[in-house]
Amino acid sequence: YAGAMSRVQKPEILLKAYAHLLAEDSGWSERLQVELYGPESPYFSARIRKLLVSGSEFRGFRPQAEVTQQVATADMGFFSLSDVTYAYATPTKLFDYIEAGVPIIASLPQGASRELIESYGIGLVAEAGDARELADCIQEMAENVELRVRCRENMDSIRDQFRSNVQIGKWYKMLDELIV
């Protein structure tokens, strides 16, 4: 996970899901490493730090180029939105993962991001706040090589339409039509 450490994302859900996996099989700490990148906010100090365990690590704020390199080498990328208030948000990291071809694991309410992931088959989504369901998604993605390959292939087929220059062109055209 790379991003804000706040109540909007509630990235601690990832560490709670990881704890579920470890409770069932301590070997997960050998098979799956959870890395979090982002600012060390008061929210992080109060809610997230205490959930770090063996196999998980907070790497702090890093330059964008470094984070992009780390994302590109990951087997899966995580992002979350904490509740229905954010149902129609589409965080930048969704498009970063598509660009990098990194299968997505997410904890989201019903809405735009969830619909995009599910309709294009580029990852697995748990209900916002459901750590058990998220743990199941992580386990399925980690253990199913064909699923990861299929997600990457699907990302390859849609990547161009989600590049920022294409999106900017669409917005420009919409605005141009409104002004005329």
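Residues numbered from 1 in each chain as written. Predicted model: local features only at pLDDT ≥ 70, side-chain atom pairs only at ≥ 80, totals over all residues. Heavy atoms only, no water.

Trainee: I'm lost on the overall build of the protein in this one. Help?
Mentor: Check the secondary structure of the protein and you find 9 helices and 5 strands. Overall, the protein shows an N-to-C arrangement of helices and strands of α-α-β-α-β-α-β-α-β-α-β-α-α-α. Whereas a compact globule of 180 residues would reach a radius of gyration of roughly 16 Å, the protein reaches 17 Å, a difference of no more than 12%. Projected onto its principal axes, the C-alpha coordinates of the protein cover approximately 60 × 40 × 30 Å. Expressed as a percentage of its 180 residues, the buried residues of the protein come to 42%. About 9800 Å² of surface is accessible on the protein, with carbon and sulfur atoms providing 53% of the total. Taken as two groups, the 19 positive and 26 negative side-chain charges of the protein have centres that lie 5 Å from each other. (Helix = DSSP H or I, 4+ residues; strand = E, 2+ residues; numbered from the N terminus. Rg over C-alpha atoms; globule rule 2.2 N^0.38 Å. Buried < 20%, exposed > 50% of the residue type's maximum accessible area, 1.4 Å probe, protein only. Areas by Shrake-Rupley, 256 points an atom, 1.4 Å probe, with all protein chains shown as cover. Lys, Arg positive; Asp, Glu negative; His and termini not counted. Charge placed at Lys NZ, Arg CZ, Asp CG, Glu CD.)

Trainee: Explain the sheet that holds strand S3 (residues 77-80) to me, please; I cannot follow it from the model alone.
Mentor: Pairing is parallel in the open sheet, where 3 strands are placed in the order S3-S4-S5. If you trace the sheet from one side to the other, it starts and ends with S3 and strand S5 (123-127), each paired once. The sheet shows a mean angle of 15 degrees between the axes of neighbouring strands, direction not considered. Where strand S4 (residues 104-108) meets S5, 5 bridges bridge the pair, whose relative direction is parallel. Following the sheet pairing, isoleucine 105 is matched in S5 by leucine 124. (Pairing = 2+ DSSP bridges. Axes fitted to C-alpha atoms, helices over the stretch in contact; angles between N-to-C directions.)

Trainee: What's the story with the environment of serine 119 in this structure? I'm lost.
Mentor: Checked against the element boundaries, serine 119 lands in helix H6 (residues 112-120). Classification of serine 119 as exposed rests on a relative accessible area of 53%. In this structure the side chain of serine 119 is engaged in a polar contact, spanning 2.8 Å, whose partner is the backbone oxygen of glutamate 115. Here leucine 116 takes part through its backbone oxygen, which lies 3.5 Å from a polar atom of the side chain of serine 119. (Polar contact = N/O pair within 3.5 Å; in protein donor to acceptor, adjacent residues only side chain to side chain.)

Trainee: Would you take a moment to explain the side chain of serine 56 for this structure?
Mentor: If you trace the backbone, serine 56 turns up in strand S2 (residues 56-60). From its side chain, serine 56 meets the backbone oxygen of valine 53 in a polar contact 2.7 Å long. Apart from residues lying up to four places away in sequence, serine 56 is in contact with Leu15, Tyr18 and Val34. (Contact = heavy atoms within 4.5 Å.)

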